[in-house]
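Residue strings, one per chain:
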Amino acid sequence: MEPLPLCLQLQVLIYCCNIISLLMRDIYYNQDCINGAREHLPDKSVDLIITDPPFAINGDILHKHYHRKEEHVFAGYVEVDQEEYRDFSIKWLHEAHRVLKDTGSMYVVSGWSNLLDILLALEKNDFEIINHIIWKYNFGVSTRHKFVTSHYHILYCKKSGAKRVKFNTFCRFGTSDKNGDNSSMLYNDLEDVWVINRDFKKGRLRNKNTLPAELLKKMIMYSSNEGDLVCDLFLGSFSTAKIARSLNRYSTGFEMNGDVYDYQLEQMHNIERGYMLKELCSNGGNPHHNQRKRWTEEEASKVLERYDAIKSAGLTDKKAYQLLSMEFGRGYFSMMNIVKKNRRA
């Protein structure tokens, strides 16, 4: 039997990859992520990884040091020995690199105590850090003999050599959105220091360490599209999976604690797919939503008419092009070119 032509082989491969991707949607596994990923996740099958691995700081007994009450926190937190942490990090990051698409990215949340181990493991597994984000939060624990720890590190990464990864610049704010002090909401949102408070769930069952919804929403919106597959290698409270579903993404991941897994899997049925999208503005906040559309004579005529009106009000060319860009949903230089082209004609 003769082998299939190369073009047909590629079509079959793409079809099989799509089928596998469909089978992984919203499927979660009650096992460790290293062995679980090897068994269940194919190469280059995941669009985005968001994960908050154990910190190796005796997290299972840390509440005693801070005198916290944890009657509503699930027991059985799985910690990693500090002596094994670097090897552990190298192993799970190896699987993360394998399953991540070349156009995908990853956010790793880490404390400062063993940050070096994470950084070295990322380097060993050919990850490149795009941004080292500082997440400032409200910790709520007073100290007398040292400064209060009130931040985590978030390492935003891609595969080394990947030319371009998915990033939705205008998914939350447009260039014209302003804060009360007239500063740019978009610029502030793109800064690498994020001030986001924790979510308090008084009287409700929760995991020991739970990332706030606003933090997860921000990462998922910037680095994935609707229908993409988001993976959390350490599911915990399933927060990543819940927000992904709320934003019409699919998810997969791993959780070793059986009680947590069973409870949170049941909670997933209460999440309406895509409900958070109703809060978002149309065009994803992109001010240049007409940028790739063909110019029509009618639109060009309206631009010239509007340009003349702006200039008659005494504004500069620069200001005129900025206003036209915002009003017609095209770029600054596109406005300038269409005006000059039609003036010459």
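It should be emphasised that the depicted structure is a prediction, and the values quoted were computed from it without experimental measurement. (Residues numbered from 1 in each chain as written. Predicted model: local features only at pLDDT ≥ 70, side-chain atom pairs only at ≥ 80, totals over all residues. Heavy atoms only, no water.)

Undergrad: Please set out the overall build of the protein chain residue by residue, giving values where relevant.
TA: When its secondary structure is counted, the protein chain shows 12 helices and eight strands. Within the protein chain, the fraction of its 345 residues that count as buried is 42%. Contacts spanning at least 24 positions in sequence make up 73% of the contacts within the protein chain whose residues lie at least 6 apart. For the protein chain, the accessible area works out to roughly 19,600 Å², and carbon and sulfur atoms hold 52% of it. (Helix = DSSP H or I, 4+ residues; strand = E, 2+ residues; numbered from the N terminus. Buried < 20%, exposed > 50% of the residue type's maximum accessible area, 1.4 Å probe, protein only. Contact = heavy atoms within 4.5 Å. Areas by Shrake-Rupley, 256 points an atom, 1.4 Å probe, with all protein chains shown as cover.)

Undergrad: For the sheet that holds strand β4 (residues 127-136), give the residues involved together with the corresponding values.
TA: Strand order in the open sheet made by the eight strands is β1-β8-β7-β2-β3-β5-β4-β6, with mixed pairing throughout. Each edge of the sheet is formed by a strand with only one pairing partner; in this case those strands are β1 (27-29) and β6 (193-195). For this sheet the average axis-to-axis angle between neighbouring strands, irrespective of direction, equals 20°. The sheet contact formed by strand β3 (residues 100-110) and strand β5 (residues 151-159) spans five bridges and is antiparallel. Each residue of the ladder has a partner; that of Ser110, found in β5, is His153. (Pairing = 2+ DSSP bridges. Axes fitted to C-alpha atoms, helices over the stretch in contact; angles between N-to-C directions.)

Undergrad: Please provide a residue-by-residue account of the nonpolar core, values included.
TA: Membership of the largest hydrophobic core comes to 32 residues, with the highest contact counts inside it found for Tyr107, Trp135, Ile154, Trp194, Leu215 and Met219. Going through the elements one at a time, β2 (46-51), β3, β4, β5, α7 (213-223) and α8 (239-246) are the ones with two or more residues in this core. Per-element tally for this core: the top contributor is α7, with six residues. Sequence-distant contacts of Trp194, that is, excluding residues within four places in its chain, are made with Tyr107, Ile133, Ile134, Trp135, Lys136, Ile154, Asp189, Leu215, Lys218 and Met219. (Core = buried A, V, L, I, M, F, W, Y, C linked by side-chain atoms within 4.5 Å.)

Undergrad: Would you mind going over helix α9 (residues 258-267) in detail, with residue names and values included?
TA: Those residues of α9 that fall on the buried side of the exposure criterion are Val260, Tyr261 and Gln264. Along the axis of α9, the buried residues cluster in a sector spanning 95°; they form a single face. Among the exposed residues of α9, those pointing more than 90 degrees away from its buried face are Asp259 and Glu266. Lining the buried residues of α9 we find β1 and α8. Measuring from the backbone nitrogen of Asp259 back to the side-chain oxygen at the start of α9 gives 3.0 Å, which picks out Asn257 as the cap. (Arc of directions from axis to C-beta. Polar contact = N/O pair within 3.5 Å; in protein donor to acceptor, adjacent residues only side chain to side chain.)

Undergrad: So what's going on with α7? Residues and values would help.
TA: Across the 11 residues that make up α7, a large majority, nine, are buried. Of all the residues in α7, the buried ones are Leu215, Leu216, Lys217, Lys218, Met219, Ile220, Met221, Tyr222 and Ser223.

Undergrad: Can you tell me about the confidence of the model for the protein chain, naming the residues and giving the values?
TA: Averaged over the protein chain, the pLDDT score is 84; the fraction of residues at 70 or greater is 80%. Averaged pLDDT values over the elements of the protein chain bottom out at 45 in helix α3 (residues 62-65) and peak at 98 in strand β7 (residues 229-232). Low pLDDT (under 50) marks residues 63-68, which in the prediction has seven contacts with non-local residues, meaning those over four places away or in another chain. (pLDDT = per-residue confidence, 0-100.)

Undergrad: I'd like a rundown of the packing of aromatic side chains, residues and numbers included.
TA: Under the defined criterion, the tally for this structure stands at 15 aromatic pairs. Taken together, the ring pairs connect Tyr85, Phe88, Trp92 and Phe234 into an aromatic cluster. The lysine or arginine in question, Arg198, covers the ring of Tyr137, its NZ or CZ lying 4.4 Å from the ring centre. (Phe/Tyr/Trp six-rings, centres within 6.5 Å; stacked < 30°, edge-to-face > 60°. Lys NZ or Arg CZ within 6 Å of the ring centre and 35° of its normal.)

Undergrad: Go over unusual backbone geometry with me, naming the residues and quoting the values.
TA: Note: most peptide bonds trans; most residues except glycine with negative phi. For Asp126, which is not a glycine, the phi torsion comes out positive at approximately 60°. One can find Asp126 in the loop between α5 (115-124) and β4. Judged by its relative accessible area of 47%, Asp126 falls in the partly exposed class. Phi is positive for Phe238, close to 65°, though the residue is something other than glycine. With respect to the element layout, Phe238 can be found in the loop between β7 and α8.

Undergrad: An account of the packing of α7 against α8 is needed here, citing residue identities and associated values.
TA: Look at α7 against α8: their axes get within 9 Å of each other, and the N-to-C directions meet at 60°. When the axes of α7 and α8 are compared, the pair comes out oblique. Both α7 and α8 take part in a crossing whose hand is right-handed. Contacts between α7 and α8 involve Ala213, Leu216, Lys217 and Ile220 on the former and, on the latter, Ser239, Thr240, Ile243 and Ala244. Taken together, the residues that form the contact of α7 with α8 break down as five nonpolar, two polar and one charged. (Parallel < 35°, antiparallel > 145°, perpendicular 65-115°, else oblique. Left-handed = near helix turned anticlockwise from the far one by under 90°. Nonpolar A, V, L, I, M, F, W, Y, C, P; charged D, E, K, R; others polar.)

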